[in-house]
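One letter stands for each residue in the lines below.
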Amino acid sequence: MLPVVTAIEMSKADKAAIEELRIGESRLMELAGSEAADIILKALEKNDNPEGCSFLVVCGKGNNGGDGFVVARHLLNRGATVDVVLLCPPETLKPVNREGYLILEAYRHHNEPLRIFHGIEEAIDSITETGYSALIDGILGTGLRITQAGEALPEPIASAITLLNTLRHNSDALIAALDVPSGLDATTGLSASPAVIADLTVTMAFLKTGFFFNEGPLHCGDLHTAEISIPRFIAEPVSTLLTDGEFAAEQFIMRNPAAAKHQNGKVLIIAGSISSTSSMIGAAMLAVKAALKTGAGYVCVSLPLTHAAAMHAFAPGAVVIGRDLDVIAEKARWADAVLIGCGLGRDSASVSFIADLLQRKEIAANKLVIDADALYALALPDLSSLSFGFSDAILTPHYGEMSRLSGFSVESIACDPLDTARTYAEKHRVNLLLKGYPTVIAAPSDPVLLNTTGTDALGTAGSGDILSGMIAALAAKGATTFNAGAAAAWFHGRAGDLAGTISSIVSAEDILEAIPSAIQEIFHIEE
Ligand SMILES: NC(=O)C1=CN([C@@H]2O[C@H](COP(=O)(O)OP(=O)(O)OC[C@H]3O[C@@H](n4cnc5c(N)ncnc54)[C@H](O)[C@@H]3O)[C@@H](O)[C@H]2O)[C@@H](O)CC1
Ligand SMILES: Nc1ncnc2c1ncn2[C@@H]1O[C@H](COP(=O)(O)OP(=O)(O)O)[C@@H](O)[C@H]1O
Ligand SMILES: [K+]
């Protein structure tokens, strides 16, 4: 799994590479610039013949601008035409960046196809053509910190960003951002005003957390990582990792050829409810079917027995038990994992039923997936300490449920889901899967995982019930609830992708049907 770092973690890794490994800063910058030039030319499909291509490289006063000077030189070396805009007086550049700039000045004396504009006004006055192949953004990188979305950037940075976005809009030129699209906070993904909208981002050494949250995905375009000789070990321990297919495959434990149903993952699902005014049996049905489609050998579901026939018609393989607490506790002892919550209801009788269940040792000591109405109950002040008694549990809130559990507003959770999930998991000593895009999976101490599979295809009623059933199945088959949560999020996202070509019309039933393909696909990747 790839590391994903904050701006502070990146700067620590830079510092460690320079001080501990004694890699010179100019060596890092040389690699950053030459790799970026290579990646940009490949993205333009001009790697074999860059001659005839022209580039505009805009350089700020920090090291991001330093990367820009190196990119400009390598593009010139490959035969391209280059215009460079320097946004600050050259004498204010720090030595490593001034060196890059002075080399370019020296190139000019050799009649290279290079123009250097000093200041944004000179650039705007001189740039008449719109025939650039790409516009390269070396204005701001990980050094930018913003405190709120839409924060105004000062001049000349604001005009430089506007120039890039306008040229992109009025021509065929792509914007390639160096390290981070300028104006985007590399840690939070909050964007300043204005901020570069890149077609591709060539990031140095490691992906940044800000690419995945808030406005990050809207600004980055295609993500490429440049290897700049900052080895992974120097960034350890990594606090955030990106899930991938290989990780998901490892958590999917295959059936033993000689194994019977009760050896292939026994799941107990306590879900669904019926009142005089409504029925939420569908939530139980989706969770049950999802667990079966994810390969659970045996699924038992507790729901009002009046609905057993409907459940049998939908999922004949499932066994139905009623609501007797002792019968449920006995089944929990039999099960390898228990899922509680989907559609259980929020009236006082349902809440006390859930509280009774969560205090039963057969349930609390088992692998436990807690979703929906069980999260509602757990958020009540009297019950919030119950999570300390769980052996291996995962809570699966969306932002609304997280708000109730944590007391933070949905807005503040959306602003920093990574920190919200990490802090809650640490404080309550429980695993937490915070649903969203991306989904964040946090444990009390392990690194946090990010899952980026899935699209708005998953934004349909019942999609979360399906995810819970999938987590319970993977946990029952042998994974820890943390790993089962992260792997299920991966498969769930892929099932959404495979469920239909038009994401806007994907339904919960379509996602269910696509689960086997999403799992099979992983094993094809591995072959
Ligand atoms: N050794 C290193 O540190 C390496 C750094 N590299 C590059 O260096 C970049 C980071 O360089 P720097 O730390 O110099 O920072 P930047 O080049 O990102 O620029 C920081 C500048 O932005 C200004 N700034 C910060 N917040 C602002 C705000 N809210 N409004 C207006 N201005 C603001 C700062 O005063 C500073 O002048 C990386 O993104 C990467 O491109 C790479 O060359 C690899 C090696
Ligand atoms: N636009 C989206 N992109 C990616 N994933 C999404 C999107 N919208 C919803 N999802 C995913 O769909 C699921 C919805 O869960 P939830 O809100 O609990 O649904 P329900 O309560 O209807 O079962 C979560 O896993 C969430 O991450
Ligand atoms: K940049």
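Residues numbered from 1 in each chain as written. Chains lettered and ligands numbered in written order. Predicted model: local features only at pLDDT ≥ 70, side-chain atom pairs only at ≥ 80, totals over all residues.

- Under an unreviewed UniProt entry, the name given to the chain is Bifunctional NAD(P)H-hydrate repair enzyme, and the organism recorded is Chlorobium phaeobacteroides.
- Turning to the chain, the UniProt record has this under Subunit (unreviewed entry): "Homotetramer." (UniProt positions renumbered as here; feature names shortened; annotations may be inferred.)

1. A short note on the domain arrangement of the chain
- With domains assigned, the chain is organised as domain 1 (2-242) and domain 2 (248-526).
- Domain 1 and domain 2 are separated by 42 Å when their C-alpha centres are compared.
- Taken residue by residue, the interface counts eleven residues in domain 1 and ten residues in domain 2.
- At three residues, the largest contribution of residues to the side of domain 1 that touches domain 2 is made by strand β10 (residues 240-242).
- Partitioned by chemical class, the residues of the side of domain 1 that touches domain 2 number six nonpolar, five polar and no charged. (Domains from an automatic or database assignment. Contact = placed C-beta atoms within 7 Å. Helix = DSSP H or I, 4+ residues; strand = E, 2+ residues; numbered from the N terminus. Nonpolar A, V, L, I, M, F, W, Y, C, P; charged D, E, K, R; others polar.)

2. Overview of the site of ligand 2
- Taken together, 16 residues are adjacent to ligand 2, and Y437, D456, L458, G459 and G464 come closest.
- For the shell around ligand 2, the element with the highest residue contribution is helix α18 (residues 463-476), accounting for four residues.
- Partitioning the shell around ligand 2 into residue classes produces four nonpolar, nine polar and three charged. (Near = placed C-beta within 6 Å.)

3. Details of the nonpolar core
- V267, I269, A287 and V288 are the most contacted members of the largest nonpolar core, which totals 187 residues.
- Once you skip the residues sitting within four places of it in the chain, V267 turns out to touch A291, A296, V299, A335, A337, L339, A472, A473 and A476. (Core = buried A, V, L, I, M, F, W, Y, C linked by C-beta atoms within 7 Å. Buried ≥ 20, exposed ≤ 12 C-beta atoms within 10 Å, placed from the backbone.)

4. Some details on the site of ligand 1
- Surveying the vicinity of ligand 1 reveals 28 residues, the closest of which are G62, N63, N64, G141 and G143.
- Top contributing element to the shell around ligand 1 by residue count: helix α3 (residues 63-77), with five residues.
- Tallied by class, residues from the shell around ligand 1 come to 13 nonpolar, nine polar and six charged.

5. Looking at helix α2 (residues 25-43)
- The end-to-end C-alpha distance of α2, which contains 19 residues, comes to 27 Å, matching closely the 27 Å that a straight helix rising 1.5 Å per residue would cover.
- All of the buried residues along α2 are L28, M29, L31, A32, G33, E35, A36, A37, I39, I40 and L41.
- Remark: E45 follows α2 within two positions and exhibits a positive phi of approximately 60 degrees. (Expected span 1.5 Å × (residues − 1).)

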